[in-house]
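# Commentary on secondary and tertiary structure
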Amino acid sequence: MAGGGAISSGKGKAYPGKLTKRVVVACIVAAMGGMLFGYDLGVSGGVTSMDSFLEKFFPSVYRKQKADDSTNQYCKFDSQILTMFTSSLYVAALFSSLFVASWVTRRLGRRLSMLAGGVLFCAGALINGLAQNIAMLIVGRILLGFGIGFGNQAVPLYLSEMAPYKYRGALNFCFQLSITLGILIANLLNYWFAKIEGGWGWRLSLGGAVVPALIMIIGSVFLPETPNSLIENGKHDQAKAELVKIRGVDNVDEEFKDLVAASEASKQVEHPWRNLLQRKYRPHLVMAILIPFFQQITGINVIMFYAPVLFKTIGFGGSASLMSAVITGSVNVIATFVAIYVVDKFGRKILFYVGGGQMFFCQVAVTILIAIKFGTSGNNDDLPKWYAIVVVSFICIYVAGFAWSWGPLGWLVPSEIFPLEIRSAAQSIVVSVNMFFTFVIAQLFLMMLCRMKFGLFLFFGFFVIAMTVFVYYLLPETRGIPIEDMAMVWKSHKVWKKYMDDDAGIEMPKRCSP
């Protein structure tokens, strides 16, 4: 990275600037791309718990669910075809991010990548809402996946590059907030549409994804491009003018100079994918793989896109299971607001610790509660009301822990740690790993629940411990460090510093938290 300059508070350069209205509006509109992801997470589990949807597309599951109430509760929804409906989206998102979205984001800009994501998502939502057979459902899901791949590739980068470094955490959390809002809206719509007579409410749930897609499309048309992307494409005058607008000050020379220097360095990299394997990018590659892996292996998507199915499995009625999903979705939104408030005050690592401890405690508690009620046979009457409230309460506490730790930070930290020359390629790895393990969890969860029973929650709990240890030893604190000066955290980290080139040309801070 380029340039010297004053070191602010031992953490990084103090670029002049303030939180402008232009930045706030741009970041809020861009973050709405997260609603695409969130809406799908919420809606898929809801429709797969609706009898009319199962009867039309998955009659074998419907018959197994209705034939005998004494059927093992853990195995009522075990169907690889049913899980393929959910998980096919994430395979498509993986491939689109890995092979297409990275190039579009780097060469054509963050804004155009978001626009493409909105168009693809809109097409997929229309096909799903009008679906007449499983083939139409899967085609629609694949298009939705391509849209999510583009959106998740571009939006976190857009937010990190537009935001002033002092507010980068809070503004980037808008992406996670819109994911949680999408989940909550989907859960509410599932609850209401499931009550429609005639059993066609699932069409409105699936087709409703058109709305966040249109928001994404319209917003992308009017959003400004980031200065980083403009410089990357040779539009220096336009980039500097935009930097003045988004920082709200005329004195942007130092930040602009560093952006240009970073861009020039990145142009020397002919093969960013191959360069990710270089020794000096070893820390970045490890983070690009392990952070999204750990984010998914927390088990959160078991709750998010299988919440109604999960609650129905452990004894809730159909309507009650959808309402329980609404409750957990509401907790998710509220906890994300808390995270937005504290992330730039207390830092990233403390939120990882608090959230990890909270999630592990709740996973153990839910394991015990389900084991007491269902044992290993899975046969029991419906849960007493008070017992159901206790189960939902612990799940809500678990969701809150994720919502102010691994949920938003799993997107924020990768988006702010990569140097420009590998940023788009590394972000593709983040999205691809995230989508791959989302697919794995989606595809295997119902089978794992049938075989591992209540022990499944301990399985996820083990990984919560592992990822907390990972954060303690290997993840540097990035709060308050400008994105173009981020290399200093690796240079001073007790584990990663040996991988950094001595001639990196970075002025070292007097103190930087490892």
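Sequence order sets the numbering: in each chain, residues are counted from 1 along the sequence as written. Reporting of local features is limited, given that this is a predicted model, to residues whose pLDDT is at least 70; pairs of side-chain atoms are given and counted only at 80 or more, and all residues count toward the totals for whole chains, interfaces and linings. For the side-chain quantities, the full set of heavy atoms in the structure was used; hydrogens and water were omitted.

### With respect to the overall build of the protein
- Helix numbering and strand numbering both begin at the N terminus, where a helix is a DSSP run of H or I of at least 4 residues and a strand a DSSP run of E of at least 2. Each helix and strand in the protein was counted, giving 24 helices and zero strands.
- For the protein, restricting intrachain contacts to residue pairs at least 6 apart in sequence, the fraction spanning at least 24 positions comes to 81%.
- For accessible areas, the Shrake-Rupley method is used with a probe of radius 1.4 Å. Any residue's cover is judged against the shown protein chains and nothing else. As displayed, the protein offers around 18,600 Å² of accessible surface, 66% of which is attributable to carbon and sulfur atoms. Note on contacts: a residue pair is in contact if any heavy atoms of the two residues lie within 4.5 Å.

### A few points about the packing of helix α6 (residues 110–129) against helix α7 (residues 134–162)
- Where α6 meets α7, the closest approach of the two axes is 7 Å, and the angle between their N-to-C directions is 155°. Considering their axes alone, α6 and α7 lie roughly antiparallel with respect to each other. For the pair α6 and α7, the crossing hand works out as left-handed. Orientation is described by axes fitted as lines to C-alpha atoms, over the contacting stretch for helices, and by angles from 0 to 180 degrees between their N-to-C directions. With respect to orientation, any angle under 35 degrees is reported as roughly parallel, any angle over 145 as roughly antiparallel, any angle of 65 to 115 as roughly perpendicular, and every other angle as oblique. Working rule for handedness: look at the near helix, and if it is turned counterclockwise from the far one by less than a right angle, call the crossing left-handed; if clockwise, right-handed.

### Quick notes on the pattern of salt bridges
- One side-chain nitrogen of Lys or Arg within 4 Å of one carboxyl oxygen of Asp or Glu is enough to make a salt bridge. Applying the stated criterion to the full structure yields seven salt bridges.
- For Glu242, the salt bridge goes to Arg22, with nearest N and O atoms at 2.8 Å. Within this pair, whereas Glu242 is found in helix α12 (residues 236–247), its partner Arg22 is found in helix α1 (residues 21–31), the two being separated by 220 residues in sequence.
- Classification of residues uses two cut-offs on accessible area relative to the type maximum, computed with a 1.4 Å probe and protein chains only: under 20% is buried, over 50% is exposed, and between them is partly exposed. We classify Arg22 as partly exposed; its relative accessible area is 35%.
- We note a salt bridge from Asp253 to Lys240, for which the minimum N-O separation is 3.0 Å. One end of the pair, Asp253, is in helix α13 (residues 253–267); the other, Lys240, is in helix α12, with 13 residues separating them in the sequence.

### Section: the packing of aromatic side chains
- Here the aromatic set is Phe, Tyr and Trp, taking the six-membered ring for Trp, and pairing holds for ring centres within 6.5 Å; pairs whose planes are under 30 degrees apart are stacked, those over 60 apart are edge-to-face, and all others are tilted. Evaluation of the coordinates by the stated rule reveals 20 aromatic pairs.
- Ring geometry for Phe293 and Phe437: centres 4.8 Å apart, planes at 70°, overall edge-to-face. On the criterion of sequence distance, the pair formed by Phe293 in helix α15 (residues 282–297) and Phe437 in helix α22 (residues 420–452) is long-range, its members being 144 residues apart.
- Phe293 sits in the buried class, given a relative accessible area of 17%.

### Considering a nonpolar patch on the surface
- What goes into a patch is any residue over 30% in relative accessible area without a salt bridge, connected to like charges within 9 Å or, for nonpolar side chains (Val, Leu, Ile, Met, Phe, Trp, Tyr), within 5 Å. There is a patch of nonpolar side chains on the surface, built from Phe95, Phe99, Val100, Ile142 and Phe146 and spanning about 450 Å² of accessible area.
- Among the elements of the structure, α5 (80–107) and α7 are those that each provide at least two residues to the nonpolar patch.
- Sort the elements by how many residues they give to the nonpolar patch and α5 lands first, with three residues.
- Of note, Ile142 is situated in helix α7.

### Regarding the state of the cysteines
- Throughout, a disulfide means two cysteine sulfur atoms within 2.5 Å of one another. Throughout the structure, instances matching the rule amount to zero disulfides.
- Free cysteine Cys396: the closest other cysteine sulfur is in Cys362, separated by 9.5 Å.
- Residue class for Cys396 comes out buried when judged on its relative accessible area of 10%.

### Details of the environment of Ile350
- Mapped onto the elements, Ile350 comes out in helix α19 (residues 348–374).
- Counting along the chain gives 121 residues from Ile350 to Val471, while the straight-line C-alpha distance between them is 9.7 Å.

### Side note on the environment of Met467
- Its place among the elements puts Met467 in helix α23 (residues 455–474).
- As a C-alpha pair, Met467 and Ile291 span 176 residues in sequence and 8.5 Å in three-dimensional space.
- With residues up to four places along the chain from it excluded, the contact list for Met467 reads Phe294, Thr298, Met359 and Trp406.

### So, the nonpolar core
- Phe53 and Trp406 are the most contacted members of the largest nonpolar core, which totals 138 residues.
- Among the elements that take part in this core, α22 stands out by supplying 14 residues, more than any other.
- When sequence neighbours within four positions are dropped, the list of residues in contact with Phe53 reads Val47, Thr48, Phe58, Phe85, Leu137, Trp202 and Leu206. Residues grouped as a nonpolar core are buried Ala, Val, Leu, Ile, Met, Phe, Trp, Tyr and Cys residues, joined through side-chain atoms within 4.5 Å.

### Points about the confidence of the model for the protein
- The predictor attaches a confidence to each residue, and that confidence, scored 0 to 100, is pLDDT. Put simply, the protein has an average pLDDT of 79, and 84% of its residues get 70 or more.
- Predicted confidence is poor over residues 1–12, with pLDDT under 50, and the contacts of this stretch with residues over four places away or in other chains come to 44 contacts.
- Confidence drops under a pLDDT of 50 for residues 502–514, and excluding neighbours within four residues, the segment shows 32 contacts in the predicted structure.

### Examining the side chain of Ser205
- Mapped onto the elements, Ser205 comes out in helix α9 (residues 201–207).
- Ignoring any residue separated from it by four or fewer positions in sequence, one finds Ser205 in contact with Tyr39, Val43, Val47, Met50, Leu189, Asn190 and Phe193.

### So, the environment of Lys245
- Positionally, Lys245 belongs in helix α12.
- Look at Lys245 and you get partly exposed, because its relative accessible area is 48%.
- Sequence-wise, Lys245 and Lys21 are 224 residues apart; in three dimensions their C-alpha atoms are separated by 9.5 Å.
- Among all residues touching Lys245, those that are not within four sequence positions of it are Thr20 and Arg22.

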